[in-house]
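An overview of the molecular structure
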Amino acid sequence: MLTQIINARILTPQGWLKDGSVLIRDNKILEVTNCDLAIIGAKLIDAKGMYIVPGGVEIHAHGGGGRDFMEGTEEAFRTAVKAHMQHGTTSIFPTLSSSTIPMIRAAAETTGKMMAEPDSPVLGLHLEGHYFNMEMAGGQIPENIKNPDPEEYIPLLEETHCIKRWDAAPELPGAMQFGKYITAKGVLASVGHTQAEFEDIQTAYEAGYTHATHFYNAMPGFHKRKEYKYEGTVESIYLIDDMTVEVVADGIHVPPTILRLVYKIKGVERTCLITDALACAASDSQTAFDPRVIIEDGVCKLADRSALAGSVATMDRLIRTMVQKAEIPLADVIRMISETPARIMGVLDRKGTLERGKDADIIALDRDLNVRAVWAMGQLVEGTNKLF
């Protein structure tokens, strides 16, 4: 099956290609070219001058379409994944908030099964917790939070092969041993829900923690204790050049001015955009998996309004927020939803850019940055054929 997208403005690793075409064979990109003459035998798709960009790689999302990945069931996973795909996500690392070991095992079983399916958008499991600083629990379930326990995490990583990322607070007892162990297993170690200052972050980086979970959220910035001033986790991460960050780019978790600051300091290649979406994203649902959570002002928060608890955002909203509110060039924004997260998660060899031989994961965006079509592994995602 040969498909050709013509009359498109295509984002390539070299920049924008005007009036180009993308040739897709089955689930791969056969060619990206500046010639949009029709290929004999190809199914033609006229992009009508729209933007054709790489599909979104979501490395931190808890659910969508009314379902949460903490449910652990195949039905919940499929519903949530499908909901996000309709908004431009073509690869996803389902994320669990701080969970019990039985919950993690159930989700790992489902993740492993879905990863094994042909052309699956599910690339691995992300564990956000449960080894966090209780003072910075935020929207995490406090009963599940504890210090790193090798009697839990060693058997889990020995018995499962789908966990690709695990977040922890580096100041906790045992956190350095945890970081060294999981990174030796090929798992991305990320700092989150933490009160770490520079020495903790420096030591953590040396132990293998190379990424920061929802940067600026659930971590302190510059602060005072009595008359003296101290750097927070935020400044400490800025000071480590090669540490990557993710930001919840819904315009609420982090205001547009700070989104622009992160972009300015960390840059495109070390900043990726996440939804941190809960079950209520991409749905009419008003309930979250955690009964303490409410939806108000376009965001999820604890009912006592002490903390934000996740977003209702989808990939397309991240793009619009960054371009229209944070005033960042579209090409750089797209790289931060595709190329950079793919690099961080070690899948850039097949995801993240529109290049010959890579997976045919593609979004069509109109001039207002609305999603008009999504192809995942060369297949048009159901409900997104708004080009035709």
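Residues numbered from 1 in each chain as written. Predicted model: local features only at pLDDT ≥ 70, side-chain atom pairs only at ≥ 80, totals over all residues. Heavy atoms only, no water.

**Quick word on the nonpolar core**
Counting residues in each nonpolar core, the largest one holds 78 residues, and the members touching the most others are Trp 166, Phe 215, Ile 237, Leu 273, Met 322 and Leu 365. Per-element accounting of this core gives the leading share, 6 residues, to helix α9 (residues 330-337). Discounting residues that sit within four places of it in the chain, Phe 215 has contacts with Val 234, Ile 237, Tyr 238, Val 245, Glu 246, Val 247, Val 254 and Val 262. (Core = buried A, V, L, I, M, F, W, Y, C linked by side-chain atoms within 4.5 Å. Buried < 20%, exposed > 50% of the residue type's maximum accessible area, 1.4 Å probe, protein only. Helix = DSSP H or I, 4+ residues; strand = E, 2+ residues; numbered from the N terminus. Contact = heavy atoms within 4.5 Å.)

**Observations regarding the sheet that holds strand β18 (residues 293-296)**
Within a sheet, each strand pairs with its neighbour through backbone hydrogen bonds, oriented either parallel or antiparallel. Ordered by their spatial adjacency, 3 strands build an open sheet running β18-β19-β20, and the pairing between neighbours is antiparallel. Because the sheet does not close on itself, it has two edges, and the strands there are β18 and β20 (308-311). Geometrically, the sheet is characterised by an average inter-axis angle of 30° between neighbouring strands, direction not taken into account. Relative to β20, strand β19 (residues 299-302) is paired through 3 bridges, and the arrangement is antiparallel. (Pairing = 2+ DSSP bridges. Axes fitted to C-alpha atoms, helices over the stretch in contact; angles between N-to-C directions.)

**Considerations on the sheet that holds strand β9 (residues 89-96)**
Spatially, β6-β9-β10-β11-β12-β13-β16-β17 is the arrangement adopted by the 8 strands of the open sheet, whose pairing is parallel. Here the strands that pair on one side only, and so sit at the sheet edges, are β6 (56-61) and β17 (271-274). Across the sheet, the mean angle from the axis of one strand to that of its neighbour is 25°, orientation sign disregarded. In terms of strand pairing, β6 meets β9 through 4 bridges, oriented parallel. Within β9, the position partnered with Ala 61 by the bridge is Pro 94. Sheet strands in contact with helix α1 (residues 74-85) are β6 and β9, and its direction is about 135° off that of β9.

**Let's talk about the pairing of strand β2 (residues 15-25)**
Summarising the sheet, strand β1 (residues 2-12) and β2 pair through 8 bridges and their orientation is antiparallel. Looking at the pairing, Thr 12 lines up with Gly 15 of β2. Between β1 and β2, which pair antiparallel one after the other, the connecting turn spans 2 residues. As paired strands, β2 and strand β3 (residues 28-33) are joined by 5 bridges and run antiparallel to one another.

**Notes on the packing of aromatic side chains**
Tallying each qualifying case throughout the model produces 11 aromatic pairs. Summarising the aromatic geometry, the rings of Tyr 153 and Tyr 181 are spaced 5.7 Å apart at their centres and angled 45° between planes, so their arrangement reads as tilted. In this pair, Tyr 153 is assigned in helix α3 (residues 150-159) and Tyr 181 in helix α4 (residues 175-184), connecting sequence segments 28 residues apart. Ring centres of Phe 215 and Tyr 216 lie 4.9 Å apart, and the angle between their planes is 65°; this geometry places the pair in the edge-to-face category. On the basis of relative accessibility, which here comes to 0%, the residue Phe 215 falls in the buried class. Of the residues examined, Tyr 216 reaches a relative accessible area of 24% and is grouped as partly exposed. Joined through ring pairs, the aromatic side chains of Tyr 131, Tyr 153, Trp 166, Phe 178 and Tyr 181 make up one cluster. The ring of Trp 16 is capped by Arg 9, whose NZ or CZ atom sits 5.1 Å from the centre of that ring. Lying over the aromatic face of Tyr 230, Arg 225 brings its terminal NZ or CZ to 3.8 Å of the ring centre. (Phe/Tyr/Trp six-rings, centres within 6.5 Å; stacked < 30°, edge-to-face > 60°. Lys NZ or Arg CZ within 6 Å of the ring centre and 35° of its normal.)

**Topic: the domain arrangement of the protein chain**
Interfaces are often sized by the accessible area lost when the parts come together. Looking at the protein chain, the domain boundaries give domain 1 (2-52 + 356-380) and domain 2 (56-345). Using C-alpha coordinates to define each centre, domain 1 is positioned 30 Å away from domain 2. The interface is formed by 16 residues belonging to domain 1 together with 17 residues belonging to domain 2. Carbon and sulfur atoms supply 72% of the area that domain 1 and domain 2 bury against each other, a total of about 1200 Å² over both sides. When the buried surface of domain 1 facing domain 2 is broken down by residue, Leu 11, Ile 363 and Leu 369 rank first, second and third, together holding 36% of it. Connecting domain 1 to domain 2 are 0 salt bridges. Connecting domain 1 to domain 2 are 3 residue pairs in polar contact (both at pLDDT 80 or more). (Domains from an automatic or database assignment. Buried area = accessible area lost by both parts, 1.4 Å probe. Salt bridge = Lys/Arg side-chain N within 4 Å of Asp/Glu carboxyl O. Polar contact = N/O pair within 3.5 Å; in protein donor to acceptor, adjacent residues only side chain to side chain.)

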